[in-house]
Amino acid sequence: MKSILIVEDSATTRSLMRAVIEEIGDFNIVEAPTGFDALKLLPSQDFDLIATDINMPDINGLELINFIKNNPRYSNIPLIIVTTERSEEDKKRGMALGATAYVTKPFKAPELQDIIRKILNL
Amino acid sequence: MSSSKKEFIAEAEDLLEESGRLILEIQDTFQTGLNPDTINALFRSIHTLKGLSGLFGHQGIADLSHALESLLDEIRLGKVDISDEVIRFLFNNIDILRSLVEGLGKDKEQDVSGHLKNIEIFRNSLAGKAKGPELKGIIDESLLMVLSEYEEHRLRANIQEGKGIYLAKAIFQLADFDKSLEDITKIIKSKGELISTLPISANVPPDSIGFNLMFGSNQPVETLKEVIKFDIENLIKTKDVGVVPQPQKTQDATLKSTTTTVRVDIEKLDRILNTIGELTLAKGAVRRIGEELIETYGHSPLVIDVHKISQTLEKRLAELQNQVLEIRMVPIGQIFSRLAQVIRKYSREVGKQIELIMYGEDTEIDKYIAEEVIDPLMHLVRNAIDHGIEPAEERKRKGKREAGTIILKASQRGNHVIIEAKDDGRGIDIQRVKEKAIEKGLLEKDAEFDEKEIIDFIFTPGFSTKEVVSEVSGRGVGMDVVKEKLSTIGGFAEIDTEKDRGTTATLTIPITLAIVKALLIRVGAMKFAIPLTSISETVVISRNELQTVEGKEVYNLRGEMLPMTNIGRVFALAESESEKSFAVVVGSGNRKHGLIVDELFGQHEIVIKSLGEYFAGFRGFAGAAEIGKHEVILVIDIDALIEESVIKQKTKGVL
């Protein structure tokens, strides 16, 4: 079973994403409410995909992406940015740092599902 | 209403209350040095509200909070400057959201397109700002590219404020880095503003994790090096731009969803308390049985066991009761901050400058009572703004400060919370109140009343000394409503006023409702309960010690003339023949009063139950209570009783 890490500080969005992802198949979905939690969870298992928000207190999504992409152990994990439409600039930076794709909040379920299918070759 | 809707309304109200509080904080600090965390917190509250309302399908609220969030985002990113106008606009929109949420309770979904348009127009009217200093070339590109737009704005703001920009390089063990990172983050936040936390894995030993912490601070490098035990690189030097040092608030970023609190409907707690009330009755029965057993069988081991169990039961039940009551407690600051918003808003509307001072916000009070007391307080405060505080011109003439002052003060006294609402306005015109009372037939022309008693007339239904009902304080609601509302929760109000010095309304309210200790008494053939909280002492008296002064019955209590009320007469019960009787001294201060009763039975825990609608018009009773053995007695409402008896004595002489 593939593992997906969701990094997002809003509990509502997290559970929404989980529900949307579960619709396309069986996954081991792990939730991290902060960048901190994500850093702690990373070594615990091999993730096949990480979806992260950008605007979070303390460690933001860009810093997390930078860390993942610069660490040989994790640099191959595909990353999806999930952030609001106002954060054009943030999205650009995230893509420059090596994110694979982005989804704009509020997202439509098929949009996120299509991207995940494509990335994971489902 | 469905429970999910209820939950949504409760949560939305909390978020809006928090938002209102944060806007107040922004208003208070934006000119002297605003903590960026405050704007962020406000942004997050509205953001959460948006998510929540979208999820529950309340599109209007979702749309409006979305529009507001966009505006807040621009403020957060420094694209829009904070001004009085912006703050006013935010307050108004919080009010609109609040009324939308309230509307849900009445199943009203409202059209918000007009409000959305207003936000749009307002945003367009605010001109965009220059971005601030150029960062490229000054700070390493690799550090800049991981900053979110917001962090970049904060970096610029720190540079503009002349703060030094530093980079601390910390390395922690992977196993426990969160605790260490939290510690260093706290230290940095106490010395400046943490701009970015960048985790790094390059050039770090295995099993470790590194962090580049970028922060702004105006503290000397030496100080920083002393407290931060890691390598610090100074990226940009401190510049003296004559900025007042910012009061640092070490507010940790909170993540509400990870706290251990749960939200419970107060009704559920009410139900627990009711059950405890029933248990208390059962406990009383067990105890009584224990006592009867002793009388019949003496101190046999089994009897002693029953006695012991009954004692344990009593103790644990009291603990349980206290624990549940504790859960219901909220700091009164919650109420004060809501009042503060109203005060700011209304003072602006009527064009009066008002300084608000609050004390004792930490004083705790039962949630239910807190909600019941907010309307009376609101009314008093509006009255103060409208009628109490004079216009600036008038104040100047009187040699007062142009800005009026309103003080809200809470403190605990025994089982009561005392809330004072004090203004430094013109005071109540006692002569005018007296005239009005005579005009309304409440008072005979030559009856002798002291000032305090005259002021009490403003609590009479339909009594208003201002003929013009003002938009602010009036709306047809009089002081009688204040009084009525307070008495339903067992509280009362007192007014102190002095010409041109101001008015103080003192509300005395019980900390908690539910189970109360009461003294059981007998008058004639009837038993009554008097809540212990209203009693100061009991004394044995003999009927011939009562004197009559100016038509009032009084008793000489250690040299003080205590006005007396004969309960038997007030309730038209058969008079007692016995010479010896008791006086139960109730109330305090100017409201001290003696009640003549025939017999005292001792203390009892009672659960006061309402008398129901049929008896709603009855004055003098707070309700009824069961005292075991299926005996039901009436609970005396001390405040109403004293009033009734005073009025009867004053206007028509002693009955």
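Let us look at the structure shown here. Because the structure is predicted, anything quoted here is derived from the model rather than measured.

1. Observations regarding the overall build of chain A
(1) Moving on: The helix and strand inventory of chain A stands at five helices and five strands.
(2) Moving on: N-terminal to C-terminal, the α/β element order of chain A is β-α-β-α-β-α-β-α-β-α.
(3) Moving on: Scored against the burial criterion, the 122 residues of chain A give a buried share of 59%.
(4) Moving on: In chain A, once contacts between residues fewer than 6 apart in sequence are set aside, the share between residues at least 24 apart is 59%.

2. Considering a nonpolar patch on the surface
(1) Moving on: On the surface, Leu16 of chain A together with Leu55 and Phe56 of chain B cluster together into a nonpolar patch covering about 250 Å² of accessible area.
(2) Moving on: Note that leucine 55 of chain B resides in helix H2 (residues 36-55).

3. Topic: the sheet that holds strand S8 (residues 404-413) of chain B
All names here are of chain B.
(1) Moving on: As summarised here, the arrangement of the five strands in space is S6-S8-S9-S11-S10, forming an open sheet in which the pairing is mixed. Lying at the two open borders of the sheet, with one neighbouring strand each, are strand S6 (354-359) and strand S10 (492-498). Sheet twist, expressed as the mean angle between neighbouring strand axes with direction ignored, is 15 degrees.
(2) Moving on: Bridge count between S10 and strand S11 (residues 502-510): seven bridges; the pairing is antiparallel. Looking at the pairing, isoleucine 495 lines up with alanine 505 of S11.

4. Topic: the pairing of strand S1 (residues 2-7) of chain A
All names here are of chain A.
(1) Moving on: The element S1 is extensively covered by neighbouring structure, given that five of its six residues are classed as buried.
(2) Moving on: By the bridge criterion, six bridges tie S1 to strand S2 (residues 27-32) in an arrangement that is parallel. Among the inter-strand pairings, serine 3 is bridged to a residue of S2, identified as asparagine 28.
(3) Moving on: Summarising the sheet, S1 and strand S3 (residues 49-52) pair through four bridges and their orientation is parallel. Counterpart to leucine 5 in the pairing with S3 is isoleucine 50.

5. As for the packing of aromatic side chains
Residue and element names in this part refer to chain B.
(1) Moving on: Evaluation of the coordinates by the stated rule reveals seven aromatic pairs over all chains.
(2) Moving on: Aromatic side chains phenylalanine 89 and phenylalanine 122 sit 3.8 Å apart centroid to centroid with 5 degrees between the ring planes, which places their arrangement in the stacked category. Here phenylalanine 89 is found in helix H4 (residues 84-105), whereas its partner phenylalanine 122 is found in helix H5 (residues 113-125), with 33 residues between them in sequence.
(3) Moving on: Residue classification places phenylalanine 89 among the buried residues on the basis of a relative accessible area of 14%.
(4) Moving on: Since its relative accessible area comes to 8%, phenylalanine 122 is described here as buried.
(5) Moving on: Among the aromatic residues, those joined into a cluster by ring pairs are Phe172, Phe177, Phe211 and Phe230.
(6) Moving on: If you follow arginine 76 out to its NZ or CZ, it ends over the ring of phenylalanine 43, 4.2 Å from the centre.
(7) Moving on: Above the plane of the ring of tyrosine 150 lies arginine 76, whose end atom (NZ or CZ) is 4.6 Å from the centre.

6. A short note on the interface of chain B and chain A
(1) Moving on: Taken together, the contacts link 37 residues of chain B with 29 residues of chain A.
(2) Moving on: At the boundary of chain B with chain A, total buried surface from both sides reaches about 2800 Å², with 58% on carbon and sulfur atoms.
(3) Moving on: Seen at the junction of chain B and chain A, the total is four salt bridges.
(4) Moving on: The interface formed by chain B and chain A contains ten residue pairs in polar contact (both at pLDDT 80 or more).
(5) Moving on: Elements with a contribution of two residues or more to the side of chain B that touches chain A: H2, helix H3 (59-76), helix H7 (149-160), helix H8 (177-191), strand S2 (193-200) and strand S3 (208-217) of chain B.
(6) Moving on: Broken down by element, the side of chain B that touches chain A gets its largest block of residues, six residues, from S2 of chain B.
(7) Moving on: The class makeup of the residues in the side of chain B that touches chain A is 18 nonpolar, ten polar and nine charged.

7. Concerning the nonpolar core
Most often, soluble globular proteins keep nonpolar side chains buried together rather than apart.
(1) Moving on: Core analysis: the largest hydrophobic core is formed by 90 residues, its most contacted members being Leu90, Leu97, Ile419 and Ile509 of chain B.
(2) Moving on: Leave out the neighbours within four places in its chain, and isoleucine 419 of chain B touches Ile332, Phe336, Val373, Leu377, Lys409, Ala410, Ala505, Thr506, Leu507 and Ile509 of chain B.
(3) Moving on: Residues Ile54 and Leu97 of chain A together with Val146 and Ile184 of chain B belong to the second largest nonpolar core, which totals 42 residues.

8. Topic: helix H1 (residues 11-22) of chain A
(1) Moving on: In this model, H1 of chain A (twelve residues) spans 16 Å end to end at C-alpha, consistent with the 16 Å of a helix rising 1.5 Å per residue.
(2) Moving on: Every buried residue belonging to H1 of chain A is among Thr12, Thr13, Arg14, Met17, Val20 and Ile21 of chain A, and all of these are buried.

So, how was this worked out
- Residues numbered from 1 in each chain as written.
- Chains lettered and ligands numbered in written order.
- Predicted model: local features only at pLDDT ≥ 70, side-chain atom pairs only at ≥ 80, totals over all residues.
- Heavy atoms only, no water.
- Helix = DSSP H or I, 4+ residues; strand = E, 2+ residues; numbered from the N terminus.
- Buried < 20%, exposed > 50% of the residue type's maximum accessible area, 1.4 Å probe, protein only.
- Contact = heavy atoms within 4.5 Å.
- Patch = residues over 30% accessible without salt bridge, like charges linked within 9 Å, V, L, I, M, F, W, Y side chains within 5 Å.
- Areas by Shrake-Rupley, 256 points an atom, 1.4 Å probe, with all protein chains shown as cover.
- Salt bridge = Lys/Arg side-chain N within 4 Å of Asp/Glu carboxyl O.
- Pairing = 2+ DSSP bridges.
- Axes fitted to C-alpha atoms, helices over the stretch in contact; angles between N-to-C directions.
- Phe/Tyr/Trp six-rings, centres within 6.5 Å; stacked < 30°, edge-to-face > 60°.
- Lys NZ or Arg CZ within 6 Å of the ring centre and 35° of its normal.
- Buried area = accessible area lost by both parts, 1.4 Å probe.
- Polar contact = N/O pair within 3.5 Å; in protein donor to acceptor, adjacent residues only side chain to side chain.
- Nonpolar A, V, L, I, M, F, W, Y, C, P; charged D, E, K, R; others polar.
- Core = buried A, V, L, I, M, F, W, Y, C linked by side-chain atoms within 4.5 Å.
- Expected span 1.5 Å × (residues − 1).

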